[in-house]
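# Structural characterization, general
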Amino acid sequence: MSFAPLVTEIILAFCLAATLLYKYGNVFRQHPIVTLSVLIAWYFSLLIIFVLPLDVSSTVFRQCVEKSIGNLTATTISSSENTNNLTPTSKPTHECREPWSMVPSPETVYQDLWRIVYWTSQFLTWLILPLMQSYIKAGDFTVQGKLKSALIDNAIYYGSYLFICGVLLIYIALKPGVDLDGPKIKAIASSASNTWGLFLLVLLLGYALVEVPRGLWNASKPGYTLNYSYFKAAKLSIEKYEAEENVDDVLESLQAANLSINSGHPFNRYLETIFQKVPAELKDKMNRRQLPDDTPLDVPSEKALIRLHRNTIKCLQTLQRTETQWGILVDYIFDLEDISRNQTSHDKRFKPTFPIQRSLVSRLLYSPTIEWYWKCLIKNYVLRAAAVCAATLSIVVVWSEVMFFNKSPVLSLFARFVNIAKMKYDYFTIEVLSTIVIAYLCYCAYSTVLKIRVLNLYYLAPHHQTNEYSLIFSGMMLCRLTPPMCLNFLSLIHMDSHIIKTQMMETQYTQIMGHMDVIKIISDGFNIYFPMAILAFCLATYFSLGSRLLSMLGFQQFLGDDELTTDLVEEGRELIKRERRKRQRLEDSISRRREFQERFPGMENASGFRSTRQSADTVRSMKRDESIESARAGLLRDFEPMSEYNVGPQSFRNENYGANDRFDRELQTEDFSDIPADSFRTFSTSGNRVGLPPRGLFDDI
């Protein structure tokens, strides 16, 4: 017995959670409370995935010991009845082998661990994280106002959930022969949460179990992937254009409010708080615009300023999301076009249009030749192999979900695999199989949440481009989906006695989660037969029924035989061509300046200011020089990609630069505490972004 395997899993889960948070979030600009809360939510969710296989193998060993003791007792009784066969001592019919990952006192260790992990994650996902999320988007200007708005927002959202819990409590209290004690109340709370998670899980898995292998297979076809990316670019450009229009409306309202509120007005500090959210580039834009003559200049009320503050936060978050997604998508399409162009390369060296500056070690390990073989030859076969493996695993999951309630004969394939490993005392295989299945289910569910069109406000963008709002949402979803997903997995391998209706020793995880025996409609019906609905959702996804229905209702979907799809693909191709020309012109300008500095090194200092100004004028001259056209008949407009790329001697695809650098964390670029109020009359943009750390959740107080 040793704690080493358990401690190793705990450390690995923490390292993975911290690495993912560092990759997607910006820990140096996020508020520490947000970073800590999201880290705990991600860490505890991953900890369940990592440690549950160890609990399963430990339970298998304890079941073996219990079975041996039962056989020994039966043999002793039989020997006592037959005096001729009576022996002084009796041994078990077989000896149980201890798992390599067995910990001392597993009942105490795992129960304490699961109790802390589960209830902490539930406290975060149902109370703390929703309040933080509502607090961030609240438009009030005081702590009390923000907390009040957050409580009202969550009270409306969770009203139905609390109503259902109240009905269940009354039902149990009035039911004869049932006492409503502490364990039953905890069972009601956990079962209500798990039932909610199971309902969402069925929808997510019904889509992802088909779409994940199909997506991997389509990704192995460069032509299909490129057309689909053009289609996404055309749709995203529409969203980006609408987000910019909404921001323009907000800026106009801000400008009108600024003209109507003088520096001595009590509401001036509220206006300054709103201005702190607006990036310097947009303030400069307000300096250049003229309000219409019929714009009302009445002094707004406090409630109107609160609404304006809330709309400012929402619109800027949407603009940040679309600009980030646009920059990432454009880089991805450029890479796909480079792959298509290098397919016919004779020297087998990958030549990108916009080279990325790499370190010496990176150039040695990932040379242009290796890059060509990987991107142009090997990668497609790897994706197809992964698609086949994912499809096989999806078929096994769907079959097991439909058949796991049948215990004789055992039809769940995962349960049969575990039973075979039990007979051979192969605990390592049980742990590996459990980890693979849980990890695949988690990937399918989690990768689908942020792709849903309804949840368009949330996204996870790499290179530190994810805002706090989306990070908190992802933490909420992880905490809500992981427990019911793991309980569902235990049902698939027949280690939940309340599902297969057989008395058996259960995992410590199941004992902490509890059961819902007091409500028969859930314990006997919903939790057993509702997962079978996954099959129906999988069939609908396979035949693209949802996409075709949405297309009939007017929502653009990528359908190969649709005329609108073809038009959007062509529109996206033209948009990407324009982006490529812009980047190429800017890179040529930088190259000419570099050559000039190399030829005339003595004039480098004298022309520094002139070169910088010329580069800035070049960027400004490229912005919005096209007219707005129809979204389907032609190009929408000339977008503003130059604000999303690093204008310098390095690559345009610099991983350390993006939309969050423009918005300076939660769309905040300057600290106006030391600036006189009169300076806001001209929307000053002279503040330096390099300075004191930006304030976070409490920046309005």
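Above this note sits the structure.
Here is a short report on the structure shown in this document. Along each chain, numbering runs from 1 in the same order as the chain's sequence is written. Given that this is a predicted model, residues contribute local features only at a pLDDT of at least 70 and side-chain atom pairs are listed and counted only at 80 or more, while totals for whole chains, interfaces and linings are drawn from all residues. Side-chain descriptors were evaluated using all non-hydrogen atoms of the structure, hydrogens and water having been removed beforehand.

### Comments concerning helix α13 (residues 413-423)
Stated precisely, the cut-off is as follows: To sort residues, take the accessible area from a 1.4 Å probe on protein chains only and compare it with the maximum for the residue type: under 20% means buried, over 50% means exposed, and anything in between is partly exposed. Only runs of H or I of at least four residues qualify as helices and only runs of E of at least two qualify as strands under DSSP, and these elements are numbered from the N terminus. As used here, the arc belongs to the directions running from the helix axis to the C-beta atoms. Whether two residues are in contact is decided by their heavy atoms, any of which lying within 4.5 Å being enough.
Of the positions making up α13, those classed as buried are Phe414, Ala415, Val418 and Ala421. Along the axis of α13, the buried positions cluster into a sector of 125 degrees, meaning they face one direction only. Elements in contact with the buried residues of α13: α12 (368-403), α14 (427-449) and α15 (468-492). Just beyond α13, the residue with positive phi is tyrosine 425, at close to 55 degrees.

### Here we look at the state of the cysteines
Which entries qualify depends on this criterion: When two cysteine sulfur atoms lie within 2.5 Å, the pair is treated as a disulfide.
Per the stated rule, a full pass over the model turns up one disulfide. Residue pairing for cysteine 64: its cysteine sulfur links by disulfide to cysteine 96, the two sulfurs lying 2.0 Å apart. Looking down the S-S bond of the cysteine 64 and cysteine 96 bridge, the torsion is -90 degrees, so its handedness is left-handed. A residue pair is termed long-range when its members are at least 10 positions apart, and cysteine 64 in helix α2 (residues 32-81) and cysteine 96 in the loop between α2 and α3 (106-137) qualify at 32 residues.

### Focus: the packing of helix α7 (residues 222-260) against helix α8 (residues 268-275)
Here is the rule we go by: Interaxial angle, 0 to 180 degrees, is taken between N-to-C directions of lines fitted to C-alpha atoms, where a helix line uses only the stretch in contact. Roughly parallel means an angle under 35 degrees; roughly antiparallel means over 145; roughly perpendicular covers 65 to 115; every other angle is labelled oblique. In this scheme the crossing of two helices becomes right-handed for a clockwise turn of the near helix relative to the far one and left-handed for an anticlockwise turn of less than a right angle. Gly is placed with the polar residues, together with every amino acid not listed as nonpolar (Ala, Val, Leu, Ile, Met, Phe, Trp, Tyr, Cys and Pro) or charged (Asp, Glu, Lys and Arg).
The interhelical angle for the contact between α7 and α8, taken along N-to-C directions, is 150 degrees, at an axis separation of 11 Å. In terms of orientation, α7 lies roughly antiparallel with respect to α8. In the packing of α7 onto α8, the handedness of the crossing is left-handed. In contact with Leu254, Ala257 and Asn258 of α7, α8 contributes Leu271, Ile274 and Phe275. The residue makeup of the contact of α7 with α8, split by class, is five nonpolar, one polar and no charged.

### A short note on the nonpolar core
Heads up, the condition is: To form a nonpolar core, buried Ala, Val, Leu, Ile, Met, Phe, Trp, Tyr and Cys residues must be joined to one another through side-chain atoms within 4.5 Å.
Ranked by size, the top nonpolar core spans 88 residues in total, and within it Leu209 and Tyr509 carry the most contacts. Among the elements that take part in this core, α2 stands out by supplying 18 residues, more than any other. In this structure, tyrosine 509 is in contact with Ile48, Leu52, Asp55, Trp114, Thr482, Pro483, Cys486, Leu487 and Leu490, ignoring residues within four places of it in sequence. Grouped together as the second largest cluster of nonpolar side chains are 22 residues, Phe141, Ile261, Val278 and Ile306 included.

### A closer look at the pattern of salt bridges
Note the threshold: Counted as salt bridges are all cases of a side-chain nitrogen of Lys or Arg within 4 Å of a carboxyl oxygen of Asp or Glu.
Inspection of every chain in the model, using the stated rule, returns 15 salt bridges. For aspartate 248, the salt bridge identified is with lysine 285, shortest N-O distance 2.4 Å. Taken together, the residues aspartate 248 in helix α7 and lysine 285 in helix α9 (residues 280-288) connect sequence positions 37 residues apart. Each of Asp335, Glu371 and Lys375 takes part in one network of salt bridges that share partners.

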